[in-house]
Amino acid sequence: MFKKNSITSTYIWGLVIMFFFVLLFIVLLIYEEYNDFDREAQMFRKSYVTQHRQVIENNDKRVVDFISYEYAQKNKYISKELLQKEVLQSIWQLYVQKDTGETLFVYDRSKKKFIMIWRNEEQSQHKMLFDTTFLNKLINNTNSKGLSADYNSSSQELPALVYTKEFIPWGWIVGVKVSTQIIETEIAQKKAELKKRLIKLMMEILSLGVILFGFALIWAWIVHYIITKQVSTFREFFSKASQKHILIDENEMMLTEFKSMVGYVNSMVDEIHKRKNRLQDMNALLEKKVEQKTHDLYEKNLLLEQANLYSQSLIKAQDSFIKHSIHEVNTPLSVILIHLDIYKMKYGINDYMSKIEAATKMIATIYDDLTYMVKKDRIEYNKEWLNMSDFLRARISFFYEIASGNKHKILQDIKDEMMIYFNTLELQRLIDNNISNAIKYAKKDSDIIIKLYEHEKQIVLEFITVTKNKIEDVEKIFYPFHREDSTQIGLGLGLEIVRLICDRENINISVRSTDKETSFKYIFDNNRNSG
């Protein structure tokens, strides 16, 4: 907010903010005064109610005690009607002589009406003592022990405190009522006085704030004029100093703070001009060096371009060599496999031929891996519905001789008719690499367990082996050139191929390895892989 403002505007902003805080202080002060007043009003109201509730209770009990006394003394000597009349007359005279601000009433249960109501307050506008609902509640709940109640009518009756007590022999309900309107009127008057006092206080503070703000603006203008003049002197000096070597005169400064800056400014100008001269000399020397460096870089770029072209030609030659080598290996490998089958049919199987066949099949598996790695980004692998159960049994049969030659036996637990929508070549690579690794890394003379089953509508393929060594990092084994067993020879491309296929087909991989057993589990979501 202050980035492009002048000193004066910044000062004015400070005054405005200060004025805002003064207003905020006034508001908080008024708010706190009102809160204090509300608390005092509540305490005053509570004290008034408590005091008057006790007063009307005492007055009511005094009247009932008087009736009880008169009844005990005269009941046997005069009639009930005459005695009641004398009692009512005595009560009337008793209350006429007192300015209590209360209303005394006597209600006769047998007659179901008021037999006496005396008001010592101006209530000529009131037509009723109580509304019907409150009166019925009061009559039903009053007994000889007494009842205290608050009267808040929705009619024009004012709120009041009521205390009633029953004189059982005659069925009279004697009650005293006192209005609480007086306390509300008094509180309203005090609130009006407080409002006037707060408005007066606010106007006084605002007037004082405006006066101070005006003086502050005048002082800000004076300070702005002095500072602007001093800054203009510096500005003119720097404008001239950029063209020629001059110094500023200290006597031109009016303020002590600016005078103390003159020495530093003159030293700075001296140093700038000295460095300017040195930079001009260095610039001439650098121009020569830049020209030489530019020429050298041009020659190096030419050499780099030639080396890059040579490297690309080597990579192309290497790629062509690998492709041709793989292609050339296919023919003799096929010939070896065919002649092994012919030899077995003609002469039978012996240990030497079994080992040759096993080694040849391993070479074939490696060949298939290399072929897949070379072609995986250039061809599209079409999917089809496969009987995975039969396909898995066929691949286990292919590895039978290899497993036997390595002193392993493959145990099958395969559920029939497990159909999957998958590419044949990719499924073969996934299965073959897992069986090949199981044969290679399983403990000697141990069994290899291969399971195929359904779990929660998903197809699960699992390979379980007895562990030579626990796999320490199950994540890294799916990346090339990583081997847990450093004594085994290989590039580690088999599991990389498996990972690439699983990533592409959204197959979940779960590897669990302990000191006793290692399990590779592949979970196929057949619905998701159904195209």
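Throughout what follows, the structure given in this document is the object of discussion. (Residues numbered from 1 in each chain as written. Predicted model: local features only at pLDDT ≥ 70, side-chain atom pairs only at ≥ 80, totals over all residues. Heavy atoms only, no water.)

1. Brief notes about the pattern of salt bridges
Going through the model one piece at a time under the given rule, you end up with 14 salt bridges. Across the pair Arg393 and Asp390 runs a salt bridge, and its minimum N-O distance is 3.3 Å. Linking Arg393 with Asp390, this pair stays in helix α7 (residues 388-398), spanning 3 residues, or about one helical turn. A salt bridge links Asp432 to Arg429, with the nearest nitrogen and oxygen atoms 4.0 Å apart. Here the residue Asp432 and the residue Arg429 both occupy positions in helix α9 (residues 424-441), the gap between them amounting to 3 residues, near one helical turn. (Salt bridge = Lys/Arg side-chain N within 4 Å of Asp/Glu carboxyl O. Helix = DSSP H or I, 4+ residues; strand = E, 2+ residues; numbered from the N terminus.)

2. What about a nonpolar patch on the surface?
A cluster of nonpolar residues, Trp13, Val16, Ile17, Phe20, Phe21, Leu24 and Leu28, forms a patch on the protein surface that exposes about 660 Å² of accessible area. As for its placement among the helices and strands, Leu24 is situated in helix α1 (residues 7-74). (Patch = residues over 30% accessible without salt bridge, like charges linked within 9 Å, V, L, I, M, F, W, Y side chains within 5 Å. Areas by Shrake-Rupley, 256 points an atom, 1.4 Å probe, with all protein chains shown as cover.)

3. Let's talk about the sheet that holds strand β9 (residues 447-455)
Backbone hydrogen bonds are what pair the strands of a sheet, in a parallel or an antiparallel way. Judged by pairing direction, the sheet is mixed, and its 5 strands sit side by side in the order β7-β9-β10-β12-β11 without closing on themselves. Both outer strands of the open sheet, β7 (409-414) and β11 (508-513), are each paired with one neighbouring strand and no more. Between one strand axis and the next, the sheet turns through 15 degrees on average, direction left out of account. Summarising the sheet, strand β10 (residues 458-466) and strand β12 (residues 517-524) pair through 8 bridges and their orientation is antiparallel. Bridging from a neighbouring strand, Val466 pairs with Glu517 of β12. Helix-sheet contacts for α9 involve β7, β9, β10 and β12, and the interaxial angle to β10 is about 20 degrees. (Pairing = 2+ DSSP bridges. Axes fitted to C-alpha atoms, helices over the stretch in contact; angles between N-to-C directions. Contact = heavy atoms within 4.5 Å.)

4. Quick look at the pairing of β10
For β10, the tally of buried residues reaches 7 of 9 residues, placing the bulk of the element in the interior. As paired elements, β9 and β10 share 8 bridges and run antiparallel to each other. Across the sheet, Leu452 pairs through a bridge with Leu461, a residue of β10. Joining the antiparallel neighbours β9 and β10 is a turn of 2 residues, in which Glu456 adopts a positive phi near 55 degrees. (Buried < 20%, exposed > 50% of the residue type's maximum accessible area, 1.4 Å probe, protein only.)

5. Side note on the environment of Phe37
Take Phe37: it is sitting in helix α1. Remark: the alpha-carbon pair of Phe37 and Leu194, spanning 157 residues in sequence, is separated by 8.3 Å. Non-local contacts of Phe37, meaning those with residues more than four positions away in its chain, are made with Ile187, Lys190, Lys191 and Leu194.

6. Some remarks on unusual backbone geometry
Note on backbone geometry: most residues besides glycine have negative phi, and most peptide bonds are trans. A positive phi is found at Glu417, a non-glycine position, where the angle reads about 55 degrees. Its location among the elements puts Glu417 in the loop between β7 and β8 (419-422). Even without a glycine there, the phi angle at Asn506 is positive, about 55 degrees. Note on placement: Asn506 falls in the loop between α10 (494-505) and β11. With a relative accessible area of 40%, Asn506 lands in the partly exposed category.

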